[in-house]
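A look at the structure
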Amino acid sequence: MIKHLLFTFFFGLLWFPLIAQNNYPTSQEITQRLQKLNTNKVASLTSLTKSEGGQDIWVLKVGTGDFNNKPAIAVVGGAEGFHVLSVELALQFAERLINLHPEILEKTTFYIFPNMSPDAYNQYYNNLKYERRGNATKADQDRDGSINEDPYEDLNKDGLITQMRIESPLGDYVLHPTDARVLVKADRAKGEAGSYIVYSEGIDNDKDGKLNEDLEEGIAFNTNFTYKFPVFQPLAGDFPVSQKETRALVDYLFDQWNIFAFVTFSPANNLSEPLKFNEGDAKKRVLTSMLKKDIATNKMVSDLYNKTVSQKAFQQDNQGTDGDFFQWAYFHFGRYSFSTPGWWIPEVKAEKTEEKEEEKDKKPDAKEKPIVTKESNFMAWADQQNLKNIFVPWITVSHPDFPNQKVEVGGIKPFVMQNPPFNMVDSIAIQHTNFILKLAAMQPKLEFHNLKVEKLSGGLSRITADLFNNSPLPTHSELGEKSRWLRKIRIDITKDKKEVIAGNTIHLIDKLDAFETKTMSWIVKGSGNVEIKAGAAHCGIATLNTKL
Amino acid sequence: MNKSIYSFIISFLLSCFALSETNAQEKFFRAIGTPHQPKVEVSWNRYYTYEGVTEIMQKIAKAYPNLARLESIGKSVEGRNIWSIAISDFKTGNPDKKPAMYIDGNIHSNEIQGTEFSLYTAWYLTEMFDELDFIKELLQDKTFYIVPTINPDARDNFMKEPNTPHSPRSGMLVLDNDGDGEAGEDRFDDLNGDNHITLMIRKSTTGRFIKDPLDDRRLMEVGPEQKGEYEMLGFEGIDRDGDGRVNEDGIGYYDPNRDWGWKWQPDYVQRGAYKYPFSLPETRAVADFVMKHPNIAGAQSYHNYGGMILRGPGAEEDLDTYNKEDVKIYDAIGKKGEELIPGYKYLVVYKDLYSVFGGELDWFYGGRGIYTYTNELMVSYLYYHKNEGRANQEEELNVDKYLTFGDAFVPWVEYNHPQFGTIEVGGFKKNFSRAHPGFLLEQDAHRNMAFTIYHAYHTPKLSVLNVQEKSLGGGLKEITATIYNERLMPTHSSQDLKYNIERPDYVSISGANVVVGMVVENEDFNKVKEQVQNPSKISVANIPGLGTVKVRWIISGGGNYSIKVDSAKGGIVEWKK
């Protein structure tokens, strides 16, 4: 044990300086780090395919011994190309797992897909930086018959696509009342007039009155799955699983029978709070609500997350979007599926001003609540953190589509609201690694208990044993019980069929609930060794040996 | 004649064949409606294996190089080519730009006759091109993409290996059906070695059946208070893996007709769904082909059986997809089908058959905006002009006795079964009930083809009806062109318009200096919609069936201009001053 700790310590020292860096990795650096991990004998790195943009779609499989028959967790990064943090979190998880926690592999196998959107991810390092989702395939986003005819334009030549605002009484935006750097929608319900029209930065190249509606990007990974596929919507395409990345991943996953859970780093969040249960939707044949038992599991895992990860939920209102990966993994693949952005902008409380006595007496709802938008909260947080380099001051540009109007370009820089400054990433990665390791410790675990062999007359024996799922997780999600893509629990007794008088040599049971026990018994003839095996790849296999 | 004979001489045998063909013409008298002197001889009263199908297609393509083009659209699970034959008059324009009809068969491997029906269509069209003005004009205007079997592997398995009338249905992938971690470990066993999987029955004191004393082929259920003599044990098989069940894990199972990309649902909702839409190579090949051929405006898929002309939706949840305007067109063609194919009924899948998510016809229509039918070939009506329903045992025994004289039934024979002991094996053969008997095949093929020809005929046919010029003074002229679609289908179904599935139609003018361009929405009241960008190429959302679209340009100067209509599903039409 001490030896192990020492090893870990020294190895840790050796390892950390090597990854010291000050920004999110380039695709090349990701590959190098994966290749380095691949030199370890518990890891094997495979390229599932190359994207249209020529990027490898990597999977790092980490396990020891009979790793295909140990329950496994799949960790997915890069579900969205602009979410560069997610890639680093998946990578660091792999590095910390292999270098610091290899003992976990005795029980659990891991599949790490560090970056599912490499084409879009590369925009982070492009000369023109913007928050990109789509891959490098050609797609007619506005379905008008011409492809990519209206992309962004960098009007202020700063290498970034930010916002564009046009002073106009026709607009539906106003300056934010407490932070004039950002804009907020005019409150029409209160009769508020607008003063700005807001667009993303660009020109109406095809003169159709819409700006930047046919971007130079293809299909987004996180819209391309079968669950609630947003057919014909921009970035989604004509049918689900149409892209190389998606197909390669799904084809691979269907061959890995041992995955019991997914942890996806993506904008959706069902870890700060579990998904909501809707009885009506859970009863329909086309499900749109998680099933009841699975919500309870989600709740339990969510509690674990909130205990392990220090950040408190704020504005976490995305619990899945149409065609995304994390919902697919549950609704169409039947596995426990969890997603978290890993990081979000914390709530910035307005500084308390001393309240006057008479104001205190007013009813609370009569007071004007300060308007807090994602943008204003971000700016307040950035100020608090003294962050530079997150905002482009508004400057006036001349714009061909608005010849006699004041057009300004500026606003919050791309990426900074989704991805923290890189120096914050290590602590986020440590906490999330810990969470995944704790989730692994909860995995379904089949055990045999209370073995009894009773001798009956005439050379017959009755073998009785309890099969126990020693885990707070059911062996199958409630939805997974219905799916053909999760195996049943199979119990084999190694005895000639003729010598098994009662009971079959092969027996299948649908599932075991959390901490559930099932008593099995056989009546067999003769003597010698008997081996009984029970399980399935995703819940592990228990073995029992006895002598008659 | 000599020339044609010499071209046929490859071997002694072939030359004999050619000579006997010469003689044959003197012996025969033309029957109306059938190619009389076909270059490609095919018997339409039997079924063809994959090899046979391929050979017929190759012969057609070779005999009619200006009308038929053979192409592999992809490979099956076991690596067979999935053949498509494009039929069109190649001398009158690019076949891939003409309005097209897509036809396939045999998606369910045991539903074999769709292949022969498709092949018959290819054969008939090519052989009749020079004989009938109607067919000639049809192939000048249209293209038929015919893919006789989109499940070639399991077609051959159905024919060559022991099967029931209902198996394999899927393709040749072998999955784990009972969830025990092993795939295909307990398949049918052809106990009596006759290449048919029939039934197993056993004498039993608690059995509920007796053999009919007047017809021992027939098992009758006894009354509730009566004692029977036989029990039913299911299809021929033995328990191979020792789990106490027989035939529980065979080929497949999955359903290629649940593998399509419109409102697809996974296996727990829609039994038979595979991994995701187009996760099977065969359906993927068809989808790729359709995506590459936006000129396909109509489609037909052949199944069996029951005598149905089906349209979607496949599931009630998808009811909204099929809107009024499109249903009108479906109804017009479908009802004509009922007339052309007596015994067949025009029906809607979700309410008249059963619920299907991810079916082929729903993707063709929902996902591509193509008007599509599925025909369930073969119907009891064809036997005695009565509709006795599917699998009517009385009728089938009668047919076997009086029309096929015992050819359809395997008599009961005793067999010593390792688990069941002494049993009897027998019953209807795999190629009866779902498949037409030979003598009914050709007529039904012809009638179903006639339905697809009617369907194809009503894909859009565009023309520039007239072009009016008006002087506006100052050297400006106003040109108004009327584009006419003389058939039932619009260039964009309303499903297509809802999602902009296919690009708009373009009406463009060249040889003129265009100042302004517009679509005329109402000529009488001069309601127009200007197109600011690129006004010489006007985008038109749709050209309705049996309707017109007017396009107007204001040009300066200009002499001999020309106008071009370019529609993905309506073809290309040019007009010159």
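Residues numbered from 1 in each chain as written. Chains lettered and ligands numbered in written order. Predicted model: local features only at pLDDT ≥ 70, side-chain atom pairs only at ≥ 80, totals over all residues.

Thoughts on the overall build of chain A
- Within chain A one finds eleven helices and 20 strands.
- Principal-axis analysis of the C-alpha atoms places the extent of chain A at approximately 105 × 60 × 55 Å.
- Sequence-distant contacts in chain A: of pairs separated by 6 or more residues, those separated by 24 or more amount to 73%. (Helix = DSSP H or I, 4+ residues; strand = E, 2+ residues; numbered from the N terminus. Contact = placed C-beta atoms within 7 Å.)

Re the overall build of chain B
- The number of helices and strands found in chain B is 14 helices and 23 strands.
- Along the longest, intermediate and shortest principal axes, the C-alpha atoms of chain B span 105 × 65 × 45 Å.
- Each of the 577 residues in chain B was classed as buried or not, and the buried ones make up 47%.
- Put simply, of all contacts in chain B between residues at least 6 apart along the chain, 73% involve residues at least 24 apart. (Buried ≥ 20, exposed ≤ 12 C-beta atoms within 10 Å, placed from the backbone.)

Some details on the interface of chain A and chain B
- With 28 residues of chain A in contact, the opposing surface of chain B contributes 26 residues.
- At the level of secondary structure, the elements contributing two or more residues to the side of chain A that touches chain B comprise α5 (244-254) and β17 (506-509) of chain A.

So, the environment of Asp 496 of chain B
Residue and element names in this part refer to chain B.
- Mapping Asp 496 onto the fold places it in helix α14 (residues 494-499).
- Separated by 71 residues in sequence, Asp 496 and Ser 567 have C-alpha atoms that sit 13 Å apart.
- Setting aside residues up to four positions removed in sequence, Asp 496 forms contacts with Gly 369, Ile 501 and Glu 502.

A word on the confidence of the model for chain B
Residue and element names in this part refer to chain B.
- Of the residues in chain B, 95% have a pLDDT of 70 or more, and the chain-wide mean is 94.
- Under a pLDDT of 50 for its full length, residues 3-19 has, in the predicted model, six contacts with residues more than four places off or in other chains.
- Scored by ipTM, the complex comes to 0.91, with pTM at 0.93. (pLDDT = per-residue confidence, 0-100.)

Re the domain arrangement of chain B
Residues and elements named next belong to chain B.
- For chain B, the domain assignment lists domain 1 (31-158 + 255-381 + 440-457), domain 2 (174-250 + 392-428) and domain 3 (462-576).
- Spacing between the C-alpha centres of domain 1 and domain 3 amounts to 33 Å.
- Each partner contributes to the interface: domain 1 provides 18 residues, whereas domain 3 provides 16 residues.
- Listing elements by their share of the side of domain 1 that touches domain 3, those giving two or more residues are α8 (324-340) and α10 (360-367).
- By residue number, the principal contributor to the side of domain 1 that touches domain 3 is α8, which donates four residues.
- Its residues placed into classes, the side of domain 1 that touches domain 3 shows eight nonpolar, five polar and five charged. (Domains from an automatic or database assignment. Nonpolar A, V, L, I, M, F, W, Y, C, P; charged D, E, K, R; others polar.)

Some words on the sheet that holds strand β3 (residues 100-105) of chain B
Residue and element names in this part refer to chain B.
- Spatially, eight strands are ordered β1-β2-β4-β3-β9-β12-β10-β11 in an open sheet, and the strand pairing comes out mixed. The open sheet has two edge strands with one neighbour each: β1 (68-75) and β11 (345-348). When the angles between neighbouring strand axes are averaged without regard to direction, this sheet yields 25 degrees.
- In the sheet, strand β9 (residues 296-304) pairs with strand β12 (residues 371-377) via seven bridges, with the strands oriented parallel. Across the sheet, Gln 300 pairs through a bridge with Tyr 373, a residue of β12. (Pairing = 2+ DSSP bridges. Axes fitted to C-alpha atoms, helices over the stretch in contact; angles between N-to-C directions.)

Things to note about the domain arrangement of chain A
All names here are of chain A.
- Examined at the domain level, chain A breaks down into domain 1 (2-124 + 217-345 + 419-441), domain 2 (140-216 + 370-416) and domain 3 (446-547).
- Distance from the C-alpha centre of domain 1 to the C-alpha centre of domain 2: 32 Å.
- Of the residues assigned to the side of domain 1 that touches domain 2, the class counts are eight nonpolar, two polar and one charged.

Overview of helix α10 (residues 374-384) of chain A
Residues and elements named next belong to chain A.
- Of all the residues in α10, the buried ones are Ser 376, Phe 378, Met 379 and Ala 382. Projected onto a plane normal to the axis of α10, the buried residues spread over an arc of 160 degrees and lie on a single side.
- Close packing links the buried residues of α10 with β12 (407-412).
- Just past α10, the residue Asn 386 takes up positive phi, approximately 60 degrees. (Arc of directions from axis to C-beta.)

A closer look at the sheet that holds strand β19 (residues 527-530) of chain B
All names here are of chain B.
- One open sheet accounts for five strands, arranged β15-β16-β21-β18-β19; its pairing is antiparallel. A single partner strand is all that each edge strand has here, and the edge strands are β15 (462-473) and β19. Going across the sheet, the axis of each strand differs from the next one's by a mean of 25 degrees, ignoring polarity.
- Alignment of β15 against strand β16 (residues 476-485), held across ten bridges, turns out to be antiparallel.

Side note on α5 of chain A
All names here are of chain A.
- Along α5, the residues that are buried comprise Glu 245, Thr 246, Leu 249, Val 250 and Leu 253. End-on view of α5: buried residues confined to an arc of 115 degrees, all on one side of the axis.
- If you follow the buried residues of α5, they end up packed against β1 (43-50), β2 (56-62), β4 (109-113) and β9 (259-265).

Brief notes about the nonpolar core
- Formed by 111 residues in total, the largest nonpolar core has its most connected members in Ile 73, Val 75, Val 76, Ala 90, Ala 94 and Ile 112 of chain A.
- Tallying contributions element by element places helix α3 (residues 84-100) of chain A first for this core, with ten residues.
- When near neighbours in sequence (up to four residues on either side) are disregarded, Ile 73 of chain A contacts Thr 108, Phe 110, Ala 261, Val 263, Ile 436, Leu 439 and Ala 440 of chain A.
- Ile 107, Ala 273, Phe 278 and Ala 435 of chain B belong to the second largest nonpolar core, which has 97 residues in total. (Core = buried A, V, L, I, M, F, W, Y, C linked by C-beta atoms within 7 Å.)

Focus on the packing of helix α4 (residues 113-128) of chain B against helix α13 (residues 438-457) of chain B
Residue and element names in this part refer to chain B.
- Where α4 contacts α13, the two axes come as close as 9 Å, and the packing angle between them is 65 degrees. Our classification of the angle between α4 and α13 gives roughly perpendicular. Seen along the crossing, α4 lies across α13 with a hand that is right-handed. In contact with Gln 113, Glu 116, Phe 117, Tyr 120, Thr 121 and Tyr 124 of α4, α13 contributes Leu 441, Ala 445, His 446, Asn 448, Met 449 and Thr 452.
- Looking at the contact of α4 with α13 residue by residue, the classes come out as six nonpolar, five polar and one charged. (Parallel < 35°, antiparallel > 145°, perpendicular 65-115°, else oblique. Left-handed = near helix turned anticlockwise from the far one by under 90°.)

Concerning the pairing of strand β20 (residues 540-547) of chain A
Residue and element names in this part refer to chain A.
- Examined bridge by bridge, strand β19 (residues 529-536) and β20 share eight bridges and lie antiparallel to one another. Residue pairing for β20: Ala 534 is matched across the bridge by Ala 542.
- Hairpin geometry of β19 and β20 is characterised by an intervening segment of three residues between the two adjacent antiparallel strands.

Section: the packing of α3 of chain A against helix α11 (residues 425-441) of chain A
All names here are of chain A.
- The N-to-C vectors of α3 and α11 enclose an angle of 60 degrees; their axes lie 9 Å apart at closest approach. Taken together, the axes of α3 and α11 are oblique relative to one another. For the crossing formed where α3 meets α11, the hand is right-handed. Two secondary-structure elements touch here, α3 through Leu 85, Glu 88, Leu 89, Gln 92, Phe 93, Arg 96 and Leu 97 and α11 through Val 425, Ile 428, Ala 429, His 432, Thr 433 and Ile 436.

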